[in-house]
Amino acid sequence: MDSKLTLKLDKDVIDKAKEYAASHQKSLSRMIESYLKTLTERENPQLDDDREISPFVKSMRTGVSIPADFDDKKAYSDYLSEKHK
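Residues numbered from 1 in each chain as written. Predicted model: local features only at pLDDT ≥ 70, side-chain atom pairs only at ≥ 80, totals over all residues. Heavy atoms only, no water.

**Overview of the overall build of the protein chain**
Summing up its helical and strand segments, the protein chain has four helices and zero strands in all. Taking all 85 residues of the protein chain together, the buried fraction comes to 7%. Surface summary for the protein chain: the accessible area is close to 8,300 Å², and the carbon and sulfur share equals 53%. (Helix = DSSP H or I, 4+ residues; strand = E, 2+ residues; numbered from the N terminus. Buried < 20%, exposed > 50% of the residue type's maximum accessible area, 1.4 Å probe, protein only. Areas by Shrake-Rupley, 256 points an atom, 1.4 Å probe, with all protein chains shown as cover.)

Okay, structure coming up:
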């Protein structure tokens, strides 16, 4: 069963990802689903050396680490409150 997921990404990354997906005749949703399925179906997550990450996926890294106690709903609510002042 499919469910909806909303992601907040850099606009340039989204535009490049859409172009990439279109050039490979896939939807962006299916491309991301396939990538996430590959990550989550690993038998042994400690063995990262057996899979190569494509340059496109590597380019999507931000290098930002998120604290374990980060409250995304509060952060989004704060963002919206600030935006609509």
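That shown, we press on.
**Structural notes on unusual backbone geometry**
Trans peptide bonds make up the majority, and among non-glycine residues the majority have a negative phi. Phi at Gln25 takes a positive value of approximately 50°, unusual for a residue other than glycine. Among the secondary structure elements, Gln25 is positioned in the loop between helix 1 (11–23) and helix 2 (28–40). Taking relative accessible area as the criterion, Gln25 reaches 77% and is therefore assigned exposed.

**A short note on the pattern of salt bridges**
On inspection of all chains with the given rule, the structure shows five salt bridges. One salt bridge connects Asp2 with Arg30, and the closest N-O pair in it is separated by 3.0 Å. Here Arg30 lies in helix 2 and Asp2 lies in the segment before helix 1, a separation of 28 residues in the sequence. Residue Asp2 is classed as exposed on the basis of its relative accessible area of 57%. Among the salt bridges present, the one from Lys85 reaches Glu82, with a minimum N-O distance of 3.3 Å. Given the relative accessible area of 79%, Lys85 is considered exposed. Given the relative accessible area of 52%, Glu82 is considered exposed. A network of salt bridges, in which partner residues are shared, links Asp2, Arg30 and Glu33. (Salt bridge = Lys/Arg side-chain N within 4 Å of Asp/Glu carboxyl O.)

**A closer look at the packing of aromatic side chains**
Within the structure shown, the criterion is met by two aromatic pairs. Judged by centre distance (6.0 Å) and plane angle (25°), the ring pair of Tyr76 and Tyr79 falls under stacked. Of this pair, Tyr76 and Tyr79 both sit in helix 4 (residues 72–83), separated by three residues, roughly a single helical turn. The exposure class of Tyr76 is partly exposed, given its relative accessible area of 40%. The ring centre of Tyr79 lies 4.8 Å from the NZ or CZ of Lys8, which sits over that ring. (Phe/Tyr/Trp six-rings, centres within 6.5 Å; stacked < 30°, edge-to-face > 60°. Lys NZ or Arg CZ within 6 Å of the ring centre and 35° of its normal.)

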